Amino acid sequence: MIINLARRAHNHNWELDPITRSLLDTDFYKLLMLQFIWKNFAKTSASFSLINRSTRVRLSELIDADELREQLEHTKRLRFSRSELVWLAGNTFYGTRGIFEPAFLDWLEHSFRLSDYELSTQDGQFSLFFRGLWTETTMWEIYALSIIDELRTRAGLRGLSELELDVLYARAKTRLWEKMERLRGVPGLRVSDFGTRRRHSFLWQEYVVKAMSDVLGSSFTGSSNTYLAYKHDLEAIGTNAHELPMALAAMANNDEELRASQYRVLELWQETYQGELLILLPDTFGTTQFLRNAPDWVADWTGQRADSKDPFIAGDEYIAWLEERGRDPQKKLFIASDSLDVDEIVQLLAYFAGTVREGVGAAEFRTARDFCDERKWLPERRIRFSAGWGTLLTNDFRGCNPQWDGFDPISLVCKLADVDGRPAVKLSDNPKKAMGPAEEIKRYQKVFGMEGVRQRAVVT
């Protein structure tokens, strides 16, 4: 697939060029979680709110509010097509056919609707809320983020000539190629696209996904974007997110229930899903306390994803915990997904998928050649390792337009705000990612503690 991205960007001149092309244009975990919510919390209300952590970028001064409203209205009118539902019903996900129940798919076809929204501006930023039943609000998260990110991209593209657009995309393609060249041939590499929510644009994500598939072959394991997986016959990648433990914690009636809620959600999840979908995401209220207090059966889950702690530290901590619980780490899966780029992906693979020789640092691994040197590395894995590559795969235009940094990615999130009127909180392993009312954050910190929490730069 060859797209003239510069010409395509230059020709944004029709009345509505829809950003959300399909309700499948979302992360796969949102559909898995939607079925979970539909089964267990169909009558629960929840609200989501937009948060721009990159406050220096005044979004409402870059994006026209009417244009944003038009895109939101378009998305709200979308429905799942018959062919999409047939694909969800009949396709094999994570080795299992029929992962979506017929009753759920029938509900998707006839009853699923997106909630209303509230949009206003305040001090250069958008105030955007989605309120209603949890089943009606949860899916807005990815749609809202991808819409706003692409509208910001389009605002920047409008100021460039066709030649400048051509140079912009030529530089971005060169950067992508250089990254793929470094990954090609790396033994045991497993990397997937996690970049929907902060992509440069839908077309650029599609271009990147096709390029990764063509160049890396089986080392590229798929995309979290369900629509691209559907359209290009790729694996749909994803399991669950912080939203679920945040919601169950908000429903807790006392501190004891609050502490137990992070494990109660796992009990409910494994009643619905099995196998490779049993991936822990323990950092919602802090990974260290989660592992220390976890019931023994939690160690039987397939693996863990690290999304806010230094992945080298998080992986070591998980391996040590498994060994303490009498489980073989080599049979488990460790997924890193926080702010990854090519350097860290290669280094993490060297560190976890083999044995780095004494006196050699992971930072010395840059390309496949480094893995072929027995003086540096032996292929004796410590744990199965996979990388979920997000923003810096699908939106790395840093420096591609040297006259303006407006294409640099920003940290934009759309997170659960409350459940049945109770505030939702996320602590994270990185205090920069904590969110919720200040008083509730203090309460949660008292209940869960702060062990293992360290501040890191936030890219995604």
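Conventions and cut-offs
Starting from 1, residues in each chain are numbered consecutively following that chain's sequence as written. For this predicted model, a pLDDT threshold of at least 70 governs which residues receive local features, and a threshold of 80 or more governs which side-chain atom pairs are given and counted, while totals over whole chains, interfaces and linings are taken from all residues. With hydrogens and water stripped out, all remaining heavy atoms of the structure feed into the side-chain values. DSSP calls a pair of strands paired once it identifies at least 2 bridges connecting them. Only DSSP runs of H or I with at least four residues qualify as helices, and only runs of E with at least two residues qualify as strands; both kinds are numbered from the N terminus onward. Contacts are assigned to residue pairs with any non-hydrogen atoms lying within 4.5 Å of each other. What counts as an axis is a line fitted to C-alpha atoms, over the stretch in contact for a helix, and the angles between N-to-C directions run from 0 to 180 degrees. Working definition: a ring pair exists when centres of Phe, Tyr or Trp rings (six-membered ring for Trp) sit within 6.5 Å. Plane angles under 30 degrees give stacked, over 60 give edge-to-face, the rest tilted. The rule is simple: take the accessible area with a 1.4 Å probe, protein chains only, and divide by the maximum for that residue type; under 20% is buried, over 50% is exposed, in between is partly exposed. Put simply, buried Ala, Val, Leu, Ile, Met, Phe, Trp, Tyr and Cys residues joined by side-chain atoms within 4.5 Å make one nonpolar core.

Asks: Tell me about the sheet that holds strand 15 (residues 422–423), and name the residues and values.
Replies: Reading across the sheet, the five strands line up as 4-5-1-14-15 and stay open at both edges, with antiparallel pairing between neighbours. Edge strands, defined here as strands with exactly one partner in the open sheet, are strand 4 (117–122) and strand 15. As paired elements, strand 4 and strand 5 (residues 125–133) share six bridges and run antiparallel to each other. By the bridge assignment, Gln-122 is partnered in strand 5 with Gln-125. Running at roughly 150° to strand 14 (residues 412–419), helix 8 (residues 140–157) makes contact with strand 1 (45–52), strand 4, strand 5 and strand 14 of the sheet.

Asks: Break down the side chain of Thr-221 for me, with residues and values.
Replies: Along the chain, the position of Thr-221 falls in strand 7 (residues 220–223). With sequence-adjacent residues up to four places away left out, Thr-221 is seen in contact with Arg-190, Val-191, Ser-192, Glu-235 and Ile-237.

Asks: Please give an account of the packing of aromatic side chains that cites residues and values.
Replies: By the definition in use, this model includes 35 aromatic pairs. Geometrically, the ring pair formed by Trp-204 and Phe-397 is edge-to-face, given 5.1 Å between the ring centres and 65° between the ring planes. A residue pair is termed long-range when its members are at least 10 positions apart, and Trp-204 in helix 10 (residues 202–216) and Phe-397 in the loop between helix 18 (391–394) and strand 14 qualify at 193 residues. The class of Trp-204 is buried, set by a relative accessible area of 2%.

Asks: Now, about unusual backbone geometry: what can you tell me, with residues and values included?
Replies: Of note in the backbone geometry, Asp-123 takes a positive phi value of approximately 50° without being a glycine. Considering the arrangement of structural elements, one finds Asp-123 in the loop between strand 4 and strand 5.

Asks: Describe in detail the nonpolar core, supporting the description with residues and values.
Replies: Ranked by internal contacts, the top residues of the largest apolar core, which has 140 residues, are Leu-88, Phe-100, Leu-108, Trp-269 and Trp-389. For this core, the leading source of residues is helix 10, giving 10 residues. The residues touching Leu-88, leaving out its near neighbours within four places in the chain, are Leu-24, Leu-31, Phe-93, Phe-100, Leu-105 and Leu-108. Phe-285, Leu-427, Ile-441 and Phe-448 belong to the second largest nonpolar core, which has 10 residues in total.

Asks: Can you tell me about the pairing of strand 5, naming the residues and giving the values?
Replies: In this sheet, strand 5 lies alongside strand 1 in antiparallel orientation, the contact comprising five bridges. Across the sheet, Ser-49 pairs through a bridge with Phe-129, a residue of strand 5. Connecting strand 4 to the next strand, strand 5, in antiparallel fashion are two residues, including Asp-123 with a positive phi near 50°.

Asks: So what about the sheet that holds strand 8 (residues 279–280)? Which residues, and what values?
Replies: Strand order in the open sheet made by the six strands is 7-6-13-10-9-8, with parallel pairing throughout. Two strands bound the open sheet, and with one partner strand each, they are strand 7 and strand 8. Relative to strand 13 (residues 384–389), strand 6 (residues 191–193) is paired through three bridges, and the arrangement is parallel. By the bridge assignment for strand 13, Val-191 is matched with Ala-387. Against the sheet, helix 15 (residues 311–324) makes contact with strand 8, strand 9 (303–306) and strand 10 (333–336), and its axis sits at roughly 160° relative to strand 10, the strand it touches most.

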